[in-house]
Amino acid sequence: KMSRAQAESVIKNIIREIAQECAGKGQAVSETLVAFMVKAVVLDPRNEFNIDRTLTKQDVQKLIKLCVDRLLDQKSPSLDTVKMQVYFDMNYTTRREFLEENQRVLQSRLAPASREITDSRARSREELESLYRKIVSYVLLRSGLGSPTDINTVREATAALQSVFPQSELGSFLALIKRDKEQQMSELTMIVTGIRLFNRDSGKGGEGIEDMPAILNEAIPATSKHIESELKVTQNLAYQYTAILEQLDHTEGAGSSHSVQPDVLKQALYNVRQHESFLNIILADVVTCAKQVESLQRQLGVQMNELKSTVRAKIAVPTAQVYPHFTAISKLWSGLQDEMVLLSVLSNMVASLQPFLETQAQLLPDSLLEPLLEGLEVQSDEQRMIQSSGNRIIASEHKNQDWLFPETTANFDKLPLQYRGICGYTLVKKNGLLLPGNPDIGILKHRDKYYIFSSMEAACGFAEDPEGYIALVAERAKQSAELIHLLELHHQFSSVTPYSEMKSGEKLLVKPITKSESGTQTDTHFVETNIVKSYEWNEWELRRKAIKLANLRTKVTHSMQTNLSHMRRDNISQVYLPKQAACQTKRDNVTNVPKPRVYLAGLRGGNTKTTHMVKTNLTRGVDE
C-alpha cells in the first residue's frame, strides 16, 4: 500500500497530464477543475473504480481518458455547472474577507512609495522639498481622491498638508523610527482627506473628488435590478424544466417518445438551479451593501454638520477639536470607497456567471421547449408551497421521529436545512428531480440534521427509512457530480470539500429552540464549605513544620550590645501632654507700662577737655 505522500504525488501527476492533454486539444482548464473532475469520475459507480485498492496502470489510463472526454464535451450542461461551481468557489469571498483583502492589496501597492519616504535621508533644501512632494503624492494615492499628476489636485492637497504639517517639521519627522513615520503618514492622510472633503462640502475645493454617495445611490439600485431580472429569467427556466420533467415522468410508462432526453433536461435544471443559488448569494450581498452605504451616508452627514458647527465663524480652532472630525470623515469616505469596489466585484461576478448557461440554452432553445410546454401548468416555487401548505404532519402519528413546526420552534427560518432546502425523497423517487421543500409541512430532525419535504407523502415516505433515503441521495449525487455542491453534500464526500469551506472552517450551526414549560428549584447552599487553611497534602511539608516546632522548644532568645550598636538604639518614650487650664474673673483689665526712653548727651566730648555728660529722661509717666 502506498503512503499518503506517494498517493498525492500520483494524483498530481494525473491532474497535470489531463490538463496538458486538454491544452493540446485547444481547451485550457484549471487544475482545480481537473481535480474536481477526477474525483467525480472516480466516485461515479458506472465507471467501476474501486477506491479501496491501488489504481493499476490501465486504471490510470482509463481515468485520464474519461476525464479528458468529459472536460472536452462541448454539449454538456453538467460540465458547465461544474465549471460554474469551481469559478464561484475560487472567486467569491465574504464581505469581511473581501474588505481585508482589499486593504492588503492597497498596502502592497503603496509599499514602494511608503518605503521611499521612510528610508529617505534628506539633508539639503532640494532633497527636503522633493521628500515633501513625495509625501503629498503618497497622501493622494492612499486617499484615492484625485490623481498625483493633476496639478490642481496636487496644489489643493499640498495646501491642506501645509496647514497640518508644514515643511519646517520635516526635520523632526526624519528623526522618527520607521514605524512611527508610517503611523504619522497614515494620520496625515486621514486629516488631509478630511480637510479636502470638508472644503468640497463647503464649496471651496474638492478638485478631482468624485461624488461617491451620488454614484452609489445610482449604482446600487441598478445592480440590484439587473441581478433580479437575471434571477427571474433563470427561475422561469427552472420552473419550465421542472414542469416538463414531471410530465415526462408521468408519460414514461405510456412509452411515448420525446425530442428531448430527460437526462439533458435534468442537467439543464441543475445548471439553472445552481445559477439561481449563486445569484441569490450575490443579491444578498448587494442588499447588505445598500444598508451599509445608507448608514455611512447618514453618519457622514452628521459628522459634517458637527464639524461645520465647530468651525463656524471662528478665526482659529484648536487642532484637538477639529482633527478627530477630519479623521472620522476620512474613515467614513473610505468605507464608501470600499462599498463601491465591492459592488463592482459583485457586478463582474454576475456577468462572469452568464457564459456557464450557454450550453443548456443552445441545447434547449425556445423552439424546442414550446411544443413540450403546450397544455402544461408551469408552477413557481411559491405556487407549489401554497398548494402543499394545507397538509401538515401530525406529530402524534410519528412518535418515533422529532418534527419541528414554525409556531413551536424559535430560529425556525434559520435552520441549516439539508440538501439546501430541496426535497430528498422526490430526488430519489423522481430519478433526480429537484423540488423545493415546504417548511409548513414540518421539518424532520434526524441525527441533528434537518430535512424538508415537498409534500405530505414525501415526508411520510422519508420518515419511514431516513438512513436509506440519505444513502440513495448520496448514490444519486455520485452519478451527477454537480449535485454534491448544489445540495451541499460535502460532509458525505470529504474528498470534495470546496475550497471556500476549507478556508472558512466549519460553519456556525443554528440550533432550534423548541418551546416547553419547565421549573426548577435550587437550595441556597447544598454543600457546606469546610476549608481548612492550614491543611497540607505534602507529607514532607508536614515533616518540615514538625521539625521547626520541635526545634523552637529548645531555643532561647539572647540579645547583647556591641561597640557598633552602642548609643545607636531607637528610643521612644510616651508622655502626657500638659493640660491646658484657664480661669475666668468677673472683670478683665489691662495695664500698659510705658517704655523707658533715656538719652545721654555729650559722651563724645567737644572743644573742651573735660567731658560734660547730660542725662535726659523722656519716659512718659504711668498716669498719663
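Quantities reported herein were computed from a predicted structural model and do not represent experimental measurements. (Residues numbered from 1 in each chain as written. Predicted model: local features only at pLDDT ≥ 70, side-chain atom pairs only at ≥ 80, totals over all residues. Heavy atoms only, no water.)

### Concerning the nonpolar core
For step 1, the next point in the chain: In this structure, I135, L161, F165, I282, W333, L336 and L353 are the most contacted members of the largest nonpolar core, which totals 63 residues.
For step 2, the next point in the chain: Sorting elements by how many residues they give to this core places helix α12 (residues 319-353) first, with twelve residues.
For step 3, the next point in the chain: Each of domain 2 (120-202) and domain 3 (212-251 + 259-372) gives at least three residues to this core.
For step 4, the next point in the chain: Once you skip the residues sitting within four places of it in the chain, L161 turns out to touch Y132, I135, V136, P166, L188 and V192.
For step 5, the next point in the chain: Y241, L433, I470 and L486 belong to the second largest nonpolar core, which has 44 residues in total. (Core = buried A, V, L, I, M, F, W, Y, C linked by side-chain atoms within 4.5 Å. Buried < 20%, exposed > 50% of the residue type's maximum accessible area, 1.4 Å probe, protein only. Helix = DSSP H or I, 4+ residues; strand = E, 2+ residues; numbered from the N terminus. Domains from an automatic or database assignment. Contact = heavy atoms within 4.5 Å.)

### Some points on the confidence of the model for the protein
For step 1, the next point in the chain: In this model, the protein carries an average pLDDT of 85, and 91% of its residues clear a pLDDT of 70 or more.
For step 2, the next point in the chain: The weakest mean pLDDT in the protein belongs to helix α20 (residues 499-504) at 42; the strongest belongs to helix α11 (residues 262-311) at 93. (pLDDT = per-residue confidence, 0-100.)

### Digging into a nonpolar patch on the surface
For step 1, the next point in the chain: A surface patch of nonpolar side chains, about 380 Å² in accessible area, is lined by V598, L600, L603 and M613.
For step 2, the next point in the chain: Topologically, V598 is positioned in strand β6 (residues 598-601).
For step 3, the next point in the chain: Residue classification places V598 among the partly exposed positions, given a relative accessible area of 44%. (Patch = residues over 30% accessible without salt bridge, like charges linked within 9 Å, V, L, I, M, F, W, Y side chains within 5 Å. Areas by Shrake-Rupley, 256 points an atom, 1.4 Å probe, with all protein chains shown as cover. Salt bridge = Lys/Arg side-chain N within 4 Å of Asp/Glu carboxyl O.)

### A look at the packing of aromatic side chains
For step 1, the next point in the chain: Applying the stated criterion across every chain yields a total of twelve aromatic pairs.
For step 2, the next point in the chain: Plain terms: the ring middles of F88 and Y92 are 4.9 Å apart, the flat faces sit at 10° to each other, and that makes the pair stacked. Here F88 and Y92 have matching classes, each one buried.
For step 3, the next point in the chain: Taking 5.1 Å as the distance between ring centres and 35° as the angle between the ring planes, the aromatic pair formed by Y451 and F462 counts as tilted. Of this pair, Y451 sits in strand β4 (residues 449-451) while F462 sits in helix α17 (residues 456-464); the two residues are eleven residues apart in sequence, bridging distant segments of the chain. As far as the burial class goes, Y451 and F462 line up, both buried.
For step 4, the next point in the chain: By the ring-pair criterion, three or more aromatic residues cluster together here, those being W403, Y419, Y425, Y451, F453, F462 and Y469.
For step 5, the next point in the chain: When the ring centre of F49 is taken as origin, the NZ or CZ atom of K62, which lies over that ring, is 5.0 Å away. (Phe/Tyr/Trp six-rings, centres within 6.5 Å; stacked < 30°, edge-to-face > 60°. Lys NZ or Arg CZ within 6 Å of the ring centre and 35° of its normal.)

### Notes on the side chain of T81
For step 1, the next point in the chain: One can find T81 in helix α4 (residues 77-91).
For step 2, the next point in the chain: Residue classification places T81 among the buried residues on the basis of a relative accessible area of 0%.
For step 3, the next point in the chain: Setting aside residues no more than four positions away along its own chain, T81 makes contact with Q267, Y270, N271, Q274 and E482.

### Quick look at the packing of helix α5 (residues 95-118) against helix α6 (residues 125-143)
How two helices pack is summed up by the angle between their axes together with the distance between the axes.
For step 1, the next point in the chain: The interhelical angle for the contact between α5 and α6, taken along N-to-C directions, is 170°, at an axis separation of 10 Å. One finds that α5 runs roughly antiparallel with respect to α6. Listed contacts from α6 to L106, Q107, L110, A113, S114, E116 and I117 of α5 are L131, K134, I135, Y138, L141 and R142.
For step 2, the next point in the chain: Residues that form the contact of α5 with α6 fall into these classes: eight nonpolar, two polar and three charged. (Axes fitted to C-alpha atoms, helices over the stretch in contact; angles between N-to-C directions. Parallel < 35°, antiparallel > 145°, perpendicular 65-115°, else oblique. Nonpolar A, V, L, I, M, F, W, Y, C, P; charged D, E, K, R; others polar.)

### Looking at the pattern of salt bridges
For step 1, the next point in the chain: Under the defined criterion, the tally for this structure stands at 20 salt bridges.
For step 2, the next point in the chain: A salt bridge links D44 to R46; the shortest N-O distance between them is 2.9 Å.
For step 3, the next point in the chain: The exposure class assigned to D44 is buried, which follows from its relative accessible area of 4%.
For step 4, the next point in the chain: For R46, a relative accessible area of 55% puts it in the exposed group.
For step 5, the next point in the chain: Notably, a salt bridge pairs E407 with R392, separated by 2.6 Å at the nearest N-O pair. Linking E407 in the loop between β1 (402-404) and β2 (409-410) with R392 in the loop between α15 (381-388) and β1, this pair joins segments that are 15 residues apart in sequence.

### Considering the packing of α4 against α11
For step 1, the next point in the chain: At a closest axis distance of 8 Å, the pairing of α4 and α11 adopts a crossing angle of 20°. On the basis of their axis angle, the class for α4 and α11 is roughly parallel. Handedness of the crossing formed by α4 with α11: left-handed. Two secondary-structure elements touch here, α4 through P77, S78, D80, T81, M84, Q85 and F88 and α11 through V264, Q267, A268, Y270, N271, Q274, H275, F278, I281 and I282. (Left-handed = near helix turned anticlockwise from the far one by under 90°.)

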